[in-house]
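# Summary of the model geometry
These are the residues of each chain, in order.
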Amino acid sequence: MDHLEDKYIPLKRTKNKSQKTEVRPFVDYRSVQTTGGDGGNGCISFLSVFMKEFAGPDGADGGNGAHVIFKGSRDVRSLDHLTSVISGNSGQPGHNKDCTGKNATNTVIKVPVGTIFKSNGNIVGSIEEEGGVFVAARGGAGGKGNAFFTNNIDQAPRIAEYGGKGETIAYEVELRIMADVGLIGFPNAGKSTLLRSISRARPKVASYPFTTLRPHIGIVHYADLHQLAVADLPGLIEGAHTNRGLGIDFLRHIERCSCLLYVIDMAQPQPWLQLQVLRYELEQYKYGLSSRPHAVVANKMDLIEAQVNVSEFVRHVDLPVVGNNNKKKSSDAGVGATDTGVGATEAGVGASDAGVGLVLDPQEVGCDCIGPPDPESRLRPVQFYVPTPETHLQHTYRLHRQAMQVWNQQFWAQHNAKYKKTKEAFIQKRLDEKYNNNNNSNKTLSANEMSAFYKSFLDQNRDTHALYNKEWYGRNVTGIVLGMGVWVEKLIKFGK
Ligand SMILES: Nc1nc2c(ncn2[C@@H]2O[C@H](COP(=O)(O)OP(=O)(O)OP(=O)(O)O)[C@@H](O)[C@H]2O)c(=O)[nH]1
Ligand SMILES: [Mg+2]
């Protein structure tokens, strides 16, 4: 568990990186044609039984065709399983002896939550929650059999219906949010290398521009089980908004990232110009896109030129800058993690030691920020965002949460210290008993032997834990009441 004490590192790997070179680009857009199943035909039939040759019409109805339905699910993240044509099965035809044809089972296709459906450029549907459905193409109804048409005038109708045709509709299926973080930069800036370092994604890396042609998503795992989806996007060049390079198609992907990381090749002359071009292109494509929450990764910090350029770069930009060197492997986290070059630290760059240590200021990103786990308490500290102006109620609520954090941190720091001390004493005592104080320095106790300690520790601390729980509930109830107050206050303000 030592790695928890490091800053901003992903969860330790449970298995080695895959050696496969196979790459699966992330699919966030698909054009599909959906066709509902046809209804089954109705049947024309007349029953003839023993002693009653003309027993009347017995042709049954056909079954309904299948609808094509998209269903929101958190099990899928991309649209790569969608084929260009999706068809529903047809219903079965009706039979004699009033045997109705079987309805076809609907074709249900899972898509990620946040999928939108466009037809002729207009949004015609979206899936906003797990289990939410969008009926893309309805199946045809089953045709009626001749038994249905029997009436007082015509007791032997010789007519039946054909089953209805299923609808055929084409859609452009898109993901609204593709990833939490999008890596944006010029070709060769090192975006794919960075993604390979921090996740298990395997985008191709090479020293020529436009190596990456389609987005790749990597998942970064954190110690608190939080997962961050990071998108490696194709390189952007000047004039991309006028469809140069990979052009508009590529800019579309950026729109679907919640926050942006500009990856800048610090070894290039005047690296701040890269940033200006990137921001300009985003802004030209869509107004306000460049003002998404963002930070800068000053990349290739192992190179001398980069270390020379970085101090000048920091003077030219007004964004948080994180130094990074993909070429230096971090040995402790079990991943080729990013590391700050010395030059960057000297230049006063807000940098991290390992992982994507986003050094974000709550005031800048407009929300609370969570830090790496505290070595004593193992709780991740929160830096609270202070809204401006802050109302009296908001102030009280924030102070309450701050006080709760301090109390929580203190309790668990003390508790963990006590646990560690008691455990060490227990192990020492048992080893002494077991080996008669002889040469037990590198011996350990089995899990069975340790279970006695865990039980006695929990028994001894039952009252402390009960008191903690009581206080925790009390403080949380106060927090909920204050939080609701803040919420109501916001609603009233919004109503005005
Ligand atoms: N010295 C040094 N080289 C790096 C670093 N990161 C990446 N590179 C090299 O830069 C080159 C381009 O890396 P990529 O990761 O393919 O760059 P990219 O931004 O994905 O490029 P495109 O896919 O073409 O947009 C490769 O030769 C990498 O080995 C770094 O931190 N230091
Ligand atoms: Mg690449």
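The shown structure was predicted, so the numbers you read here are calculated from the model rather than taken from an experiment. In every chain, residue numbers begin from 1 and rise along the written sequence. Working convention: letters from A go to chains and numbers from 1 go to ligands, in the order in which they are written. Confidence filtering applies because this is a predicted model: local features only for residues at pLDDT of at least 70, side-chain atom pairs given and counted only at 80 or more, and all residues used for totals across whole chains, interfaces and linings. With hydrogens and water stripped out, all remaining heavy atoms of the structure feed into the side-chain values.

Our focus in this paragraph is the coordination of the magnesium ion (ligand 2). At this site the magnesium ion (ligand 2) is bound by S192 (OG) and T212 (OG1), with donor distances of 2.0 Å. Of this pair, S192 sits in helix α1 (residues 191-198) while T212 sits in the loop between α1 and β10 (216-221); the two residues are 20 residues apart in sequence, bridging distant segments of the chain. Summary of the burial criterion: residues with accessible area below 20% of their type's maximum are buried, those above 50% are exposed, and those between are partly exposed, where the area comes from a 1.4 Å probe applied to protein chains only. Look at T212 and you get buried, because its relative accessible area is 9%. Here the coordinating atoms are restricted to nitrogen, oxygen and sulfur within 2.8 Å of the metal centre, or 3.2 Å for Na, K and Ca, and because water is not among them the sites may look incomplete. Strands here mean DSSP runs of E at least two residues long; helices mean DSSP runs of H or I at least four residues long; both are numbered from the N terminus.

Okay, the site of ligand 1 next. Around ligand 1 lies a shell of 24 residues, among which K191, S192, T193, T212 and N326 are the nearest. At a separation of 2.9 Å, an oxygen atom of ligand 1 approaches a polar backbone atom of N188. Polar contacts here mean pairs of N or O atoms no more than 3.5 Å apart (in protein, one a potential hydrogen donor and the other a potential acceptor; neighbouring residues in sequence count only if both atoms are side-chain atoms). Within the contact set of ligand 1, an oxygen atom lies 2.4 Å away from a side-chain nitrogen or oxygen of T193. Residue-level accessible areas treat just the shown protein chains as cover; the underlying method is Shrake-Rupley with a 1.4 Å probe. Protein chains shield 91% of the accessible area of ligand 1, which is 660 Å² for the free molecule. Residue composition of the shell around ligand 1, by class: nine nonpolar, 11 polar and four charged. Being near a molecule or strand, for a residue, means having at least one of its heavy atoms within 4 Å of it. Just so you know the grouping, Ala, Val, Leu, Ile, Met, Phe, Trp, Tyr, Cys and Pro go in nonpolar, Asp, Glu, Lys and Arg go in charged, and all remaining residues, Gly too, go in polar.

This part is about the confidence of the model for the protein. On a scale of 0 to 100, pLDDT captures the predictor's confidence in every residue. When pLDDT is averaged along the protein, the result is 82, and 86% of the positions lie at 70 or above. The low-confidence segment residues 8-12 (pLDDT under 50) makes 27 contacts with residues lying over four places distant or belonging to another chain. When checking whether two residues touch, look at their non-hydrogen atoms; a contact exists if any pair is within 4.5 Å. Note on residues 329-358: pLDDT under 50 across the span, and 75 contacts to partners over four residues away in sequence or across chains.

What follows is about the pairing of strand β11 (residues 227-232). Among the six residues of β11, five are classified as buried, and the element is accordingly described as predominantly covered. Only strands joined by at least two bridges in the DSSP assignment are considered to pair. With three bridges connecting them, strand β9 (residues 179-184) and β11 associate as parallel partners. Counted as the bridge partner of V181 is V230 from β11. Pairing of β10 with β11 involves six bridges; the strand directions are antiparallel.

Here, a salt bridge means any Lys or Arg side-chain nitrogen found within 4 Å of an Asp or Glu carboxyl oxygen. Under the defined criterion, the tally for this structure stands at 16 salt bridges. The partner of R256 in a salt bridge is D28, and the shortest N-O contact between them spans 2.6 Å. Pair noted here: R256 is in the loop between α2 (247-255) and β12 (257-265) and D28 is in the segment before β1 (29-35), with a separation of 228 residues, a long-range link. The exposure class of D28 is buried, given its relative accessible area of 2%.

What follows deals with the nonpolar core. Ranked by size, the top nonpolar core spans 50 residues in total, and within it F70, I184, I254, Y262 and F313 carry the most contacts. Residues lining this core come from more than one domain, with at least three contributed by each of domain 1 (2-13 + 178-363) and domain 2 (27-175). Once residues within four sequence positions are removed from consideration, F70 is found in contact with V32, T34, L82, I86, I109, V111, F117, I127, G132, V133, F134 and A136. Counting residues in each nonpolar core, the second largest holds 15 residues, with V181, A201, L228 and V230 among its members. Side-chain atoms within 4.5 Å link the members of a nonpolar core, which is a set of buried Ala, Val, Leu, Ile, Met, Phe, Trp, Tyr and Cys residues. Domain delimitation follows an automatic or database domain assignment.

Moving on, we come to the side chain of T35. With respect to the element layout, T35 can be found in strand β1. Accessibility expressed as a relative area gives 18% for T35, which makes it buried.

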